[in-house]
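Here is how the chains run, residue by residue.
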Amino acid sequence: MTKFNFPPSIASRPIWGTLEPRKGKAHLMIADAEGAEALIDLANAAPALLTMAHLIYLPKDTGKRYSDALAALKPASIYVGPSYDAAESRIQRVLSDAHMGLQIYLAGTEGLMGRAMSAALAAGLPLAAIQTEHRGSVARRMQCVHCKGITEDVTTDPFVCAHCGLNLFVRDHFSRRIGAYQGVCVDAEDPGEVPPQKELYS
Amino acid sequence: MSAGTAKIAVRVAEVVDVNELVKRFKFVRRDGGEMPTFSGGAHTVVEMRDGATTRLNPYSLMSDPGDRSAFTISVRRDDEGRGGSLFMHNKVKPGDEMVISYPVNLFSLDLRARKHLMFAGGIGITPFLAQIKQLSHAGGNFELHYSVRTAALGSYVDELTTAHPDRVHIYYDDKKQAIDLATLLDGQPLGTHIYVCGPKGMIDWVRNTALDHGWPETAVHYEEFLAPQSGKPFEVELAKSGKTITVGEHQSLLEAIEAAGVDAPYLCRGGACGQCETDVIAHEGKFIHNDHWLTEDQRTGCNKIMPCVSRFEGRRLVLDR
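What counts as what
- Residues numbered from 1 in each chain as written.
- Chains lettered and ligands numbered in written order.
- Predicted model: local features only at pLDDT ≥ 70, side-chain atom pairs only at ≥ 80, totals over all residues.
- Helix = DSSP H or I, 4+ residues; strand = E, 2+ residues; numbered from the N terminus.
- Rg over C-alpha atoms; globule rule 2.2 N^0.38 Å.
- Buried ≥ 20, exposed ≤ 12 C-beta atoms within 10 Å, placed from the backbone.
- Contact = placed C-beta atoms within 7 Å.
- UniProt positions renumbered as here; feature names shortened; annotations may be inferred.
- Pairing = 2+ DSSP bridges.
- Axes fitted to C-alpha atoms, helices over the stretch in contact; angles between N-to-C directions.
- Domains from an automatic or database assignment.
- Nonpolar A, V, L, I, M, F, W, Y, C, P; charged D, E, K, R; others polar.
- Parallel < 35°, antiparallel > 145°, perpendicular 65-115°, else oblique.
- Left-handed = near helix turned anticlockwise from the far one by under 90°.
- Core = buried A, V, L, I, M, F, W, Y, C linked by C-beta atoms within 7 Å.
- Right-handed = clockwise from strand over helix to strand, strands pointing away.

Asker: Help me understand the overall build of chain A, please; the structure alone is not making it clear to me.
Answerer: A count of helices and strands for chain A gives 5 helices and 12 strands. The C-alpha atoms of chain A give 18 Å as radius of gyration, which agrees with the globular expectation for 202 residues (17 Å, within 12%). Once the C-alpha set of chain A is aligned to its principal axes, its extents read approximately 60 × 35 × 30 Å. Burial status across chain A gives 41% buried among its 202 residues. Contacts in chain A between residues at least 24 apart in sequence constitute 64% of all its contacts with a sequence separation of at least 6.

Pasting the structure below:
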C-alpha cells in the first residue's frame, strides 16, 4: 500500500490531492519512487493525456520496478534519472521554455513535490496549475531554521541537521517558497536533553 | 451599514462629452479635502436623487489612483435602461452637489502577476484606465486589447495609444477587426494574469477560451456589472422587519427594501460581489435570478436571492430581512 492518510494538522501543512486529467497546452509530470503508481492511475483514467506529457521520473530505491511501465505509457518524452539534483537542470529548462497553459502533475514523496512545486512557483506558474498526489515514503525534506541547510528524506523526529549538527524537532510548518518543512532546535534551553528519537507517525 | 457604504459629499467639478454616447464626470470633495486612496479596478456607487426616485449605480473609477484631488467616472448612455445613465447625461451639471460612496475594489490587479493581459469591450475600458495608470507608475508589464464599435465611439483610444503605443491594441468592429484570442493566449509567459471587462458575451468567451487552454481560474479575472432588470411589480414580506413592500416595475428589490427604511447590506449593486445575498423563508412562485453569484445548487434550492438584480414572479415571497 503506497497511500498514507496524514493526520489532520495546522493550516500550513500541505494537503496533497489526487491527480486528475486537466485541459492544457502542455503537461509536465514529475514523480519519484512509488509516485509512478499515481501516474499509471492517471494514464488509465486518461490515456491520451500521457501522450502529450513530458515525464521526469526518479526511481530512487525502487530500481527498475516502475520505469518500464512508465515508458509503456508512451509519454511524448521521458527522462529517468538518479536524483532531483540530476534532473534539476532539465526541470529548469522546461520551466524557462514554458508558457501559460502548462499543467504540472507531481507525485511521490513530499520532498520531491515540495521541491518541484517551489521551482514551478518561482518560474511564475500559479499554484492552481499544479496538482499533487502523495505516494510512498513519508520521509520529509526539512530546513534547519538555524543554519538554513536542507536535510532530505528525514524519517525520524528529532533528527540531526546534516549541515550544522543541531538536534532538530520536526514541525508541520511548511514553506511553499522553499518546498520544505521547518526543523527547530529541540534542546536549545537544556543542551543534550534530547527526547528519544522515533519514526515519523509511529 | 455594510463596507463601502461610507459616503463622500462631492461637487461635480467637470462634465465632458467624450463622444456621442459617453460623458465623463469629475467629482471633488465639498469640504475641499482629499479623496480616499483606491486601487485600479475600484468602483464608486453614485447616488442619484431624481425627484422621488433614488438610484444607486456603481461606476468604475478611471482616474489615476495616485491623484487624490478628484475621482473621475465615465458613463455610457443607455436609452433602454432604467434611467440612471440618462439622469447622469441629462440632469447632472457642473457645480451640482452629489453623494458618492467610498471606493470598493472587486476587480483588482493581482500584483504577483508577471504580466497583466487585459481585454476591454466598449465602456468596459474604464477600470483599465485606472489600472494602467497604476501600473505605469511602477513600470508594470501590461498589454491591452480593446475592442470598440467605431473610431468615433472608441472612448479614450487616442489617449491610450499615444501614451502606450507598444502596449495598446485597438480593434474596430466596423472594420471587421476581432481579437485573435486563441493565438494571443498561446505563448504568454508563466505568471501572466488575464483581466476582462465588457459585455457578457466577451467575458464568457475570454474565460472559456482561457480555461480550455489550461489557464487556472485564479489567473483569469473579470468584472461585469449587471444593471437591475425591470419587470412586473411584486410583493415581498420582510420577516425580520415585519414589513410588506411592493417592488415597482423599474425598481430593484434592493431599492425597494431601502425605500422602506430597512438597512440591507450591499457593495456592488450589480450581482457580482455577494454582499446582499438574502435568505428566502418562503415562496410560492418563480425566481428570476439575474446575478452571477449564486451557484446552480443554490438557485435550484430556491433558498437564496440577490436583491440587487434579481426579481420574483408569483403569489408570495418571504425574505429573512
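Asker: Would you take a moment to explain the overall build of chain B for this structure?
Answerer: Counting secondary structure elements, chain B contains 7 helices and 17 strands. Taking 2.2 N^0.38 as the reference for a compact globule, 321 residues should give roughly 20 Å; the C-alpha atoms of chain B span a radius of gyration of 20 Å, in line with that estimate. Expressed along its principal axes, the backbone C-alpha trace of chain B runs to roughly 60 × 50 × 35 Å. Each of the 321 residues in chain B was classed as buried or not, and the buried ones make up 41%. Of the contacts formed within chain B by residues at least 6 apart in sequence, a portion of 67% connects residues at least 24 apart.

Asker: Where do I start with the UniProt feature "domain: Dimethylamine monooxygenase subunit DmmA-like N-terminal" (unreviewed entry) in chain A in this structure?
Answerer: The UniProt record marks residues 9–128 of chain A with the feature "domain: Dimethylamine monooxygenase subunit DmmA-like N-terminal" (unreviewed entry), using the residue numbering of this structure. Annotated as residues 9–128 of chain A, this span is 39% helix and 20% strand, and its ends, taken at the C-alpha atoms, are 22 Å apart.

Asker: What should I look at first to understand the sheet that holds strand β3 (residues 77–80) of chain A in this one?
Answerer: Sheet strands pair by backbone hydrogen bonding; their relative direction is either parallel or antiparallel. All names here are of chain A. Here we have 5 strands laid out as an open sheet, ordered β3-β2-β1-β4-β5, and parallel in their pairing. With partners counted over all chains shown, the strands left at the sheet margins are β3 and β5 (130–134), one partner each. In this sheet, adjacent strand axes meet at a mean angle of 10° when their direction is disregarded. In this structure, strand β1 (residues 26–32) lies alongside strand β2 (residues 53–58), joined through 6 bridges in parallel fashion. Bridge pairing in β2 places Ile-30 opposite Ile-56. Sheet strands in contact with helix α1 (residues 35–45) are β1, β2, β4 (102–108) and β5, and its direction is about 145° off that of β1.

Asker: Hey, could you run me through the domain arrangement of chain A in this one?
Answerer: Size of an interface: often given as the accessible area lost when the parts come together. Residue and element names in this part refer to chain A. For chain A, the assigned domains are domain 1 (26–134) and domain 2 (140–199). Here domain 1 and domain 2 have C-alpha centroids that lie 27 Å from each other. With 7 residues of domain 1 in contact, the opposing surface of domain 2 contributes 9 residues. Here the residues of the side of domain 1 that touches domain 2 sort into 2 nonpolar, 3 polar and 2 charged.

Asker: Explain the domain arrangement of chain B to me, please; I cannot follow it from the model alone.
Answerer: Residues and elements named next belong to chain B. Per the domain assignment, the segments of chain B are domain 1 (7–105), domain 2 (115–223) and domain 3 (234–319). Centre-to-centre, using C-alpha coordinates, domain 1 lies 24 Å away from domain 2. Listed per partner, the contact involves 17 residues of domain 1 and 12 residues of domain 2.

Asker: I'm lost on the pairing of strand β13 (residues 234–238) of chain B in this one. Help?
Answerer: Looking down a regular strand, the side chains alternate between one sheet face and the other. All names here are of chain B. Judged by which residues are buried, β13 turns out to be one-sided: Phe-234, Val-236 and Leu-238 face inward and are buried, whereas Glu-235 and Glu-237, on the alternate face, are not. Sheet analysis places β13 next to strand β14 (residues 243–247), joined by 5 bridges and oriented antiparallel. Pairing of Glu-235 across the sheet is with Thr-246, part of β14. Linking two consecutive strands that pair antiparallel, namely β13 and β14, is a turn of 4 residues; a positive phi of about 65° is found at Gly-242 within it.

Asker: How do you make sense of the environment of Glu-223 of chain B when you look at a structure like this?
Answerer: All names here are of chain B. Looking at the element boundaries, Glu-223 is found in strand β12 (residues 220–223). Through-space distance from the C-alpha of Glu-223 to that of Ala-13 is 28 Å; in sequence the pair is 210 residues apart. In this structure Glu-223 touches Leu-106, Phe-107, Pro-127, Cys-197 and Ala-272, once residues within four positions along its chain are discounted.

Asker: For this particular structure, what's the right way to read the packing of helix α4 (residues 84–97) of chain A against helix α5 (residues 110–122) of chain A?
Answerer: A pair of packed helices is characterised by two quantities: the angle between their axes and the separation of those axes. All names here are of chain A. Here α4 crosses α5 at 30°, and the two axes come no closer than 10 Å. As summarised for this structure, α4 and α5 are arranged roughly parallel, according to the angle between their axes. Considering how the two elements wind past one another, α4 and α5 form a crossing that is right-handed. Two secondary-structure elements touch here, α4 through Tyr-84, Ile-91, Gln-92 and Leu-95 and α5 through Leu-112, Arg-115, Ala-116, Ala-119 and Ala-120. Grouping the constituent residues of the contact of α4 with α5 by class yields 7 nonpolar, 1 polar and 1 charged.

Asker: Where do I start with the UniProt feature "domain: Dimethylamine monooxygenase subunit DmmA-like C-terminal" (unreviewed entry) in chain A in this structure?
Answerer: Taken from the UniProt record, the annotation "domain: Dimethylamine monooxygenase subunit DmmA-like C-terminal" (unreviewed entry) applies to residues 141–184 of chain A. Secondary structure over residues 141–184 of chain A splits into 0% helix and 61% strand, and the C-alpha atoms at its two ends are 13 Å apart.

Asker: Whenever I open this one, the sheet that holds strand β16 (residues 304–305) of chain B confuses me. Can you help?
Answerer: Residues and elements named next belong to chain B. A sheet is described by the order of its strands in space; here 5 strands give the open sequence β14-β13-β17-β15-β16, paired in mixed fashion. Edge positions in the open sheet fall to β14 and β16, since each of these has one partner strand only. Of the strand pairs in this sheet, strand β15 (residues 278–288) and strand β17 (residues 311–319) are connected by 8 bridges, and their pairing is antiparallel. Its bridge partner lying in β17, Gly-285 is registered against Gly-314.

Asker: Teacher, can you tell me more about the nonpolar core here?
Answerer: A general trend in soluble globular proteins is that nonpolar side chains are found buried together. Counting 119 residues, the largest nonpolar core has Ile-30, Leu-39, Ile-104 and Leu-106 of chain A together with Leu-144 and Val-196 of chain B as its most contacted members. What Leu-106 of chain A contacts, discounting residues up to four positions off in sequence, is Ile-30, Leu-112, Met-113, Ala-116, Met-117, Ile-130, Gln-131 and Thr-132 of chain A. Formed by 10 residues, the second largest nonpolar core is a distinct cluster that contains Met-142, Leu-166, Ala-180 and Tyr-181 of chain A.

Asker: In this structure, what is going on with helix α2 (residues 126–137) of chain B? I would like to understand it.
Answerer: Side chains that are three or four residues apart share a direction in an α-helix, a result of its 3.6 residues per turn. All names here are of chain B. Along α2, 9 of the 12 residues are buried, which leaves the element largely enclosed by surrounding structure. Considered for burial, the residues of α2 that qualify are Thr-126, Pro-127, Phe-128, Leu-129, Ala-130, Gln-131, Ile-132, Gln-134 and Leu-135. Contacts made by the buried residues of α2 are with β4 (53–60), β5 (71–76), β8 (115–121), β9 (142–148), β11 (192–197) and β12. Just past α2, the residue Gly-139 takes up positive phi, approximately 65°.

Asker: Is there a simple way to think about the pairing of β12 of chain B in this case?
Answerer: Residues and elements named next belong to chain B. Across 4 bridges, the pairing between β11 and β12 is parallel. In the sheet register, Tyr-195 faces β12, and the bridge partner there is His-221. Of the crossover connections in this fold, the one passing from β11 over helix α5 (residues 200–212) to the parallel β12 is right-handed.

Asker: Help me understand unusual backbone geometry, please; the structure alone is not making it clear to me.
Answerer: Each neighbour pair has its own omega, and for Asp-157 of chain A with Pro-158 of chain A the value is -10°, a cis peptide bond. With respect to the helices, strands and loops of the structure, Pro-158 of chain A is situated in the loop between β8 (156–157) and β9 (159–160). Even without a glycine there, the phi angle at Asp-153 of chain A is positive, about 55°. Checked against the element boundaries, Asp-153 of chain A lands in strand β7 (residues 150–154). Taking the C-beta count within 10 Å as the criterion, Asp-153 of chain A has 14 such neighbours and is therefore assigned partly exposed. Residue Cys-302 of chain B is not a glycine yet carries a positive backbone phi of 55°. Here Cys-302 of chain B shows up in the loop between α7 (296–301) and β16.

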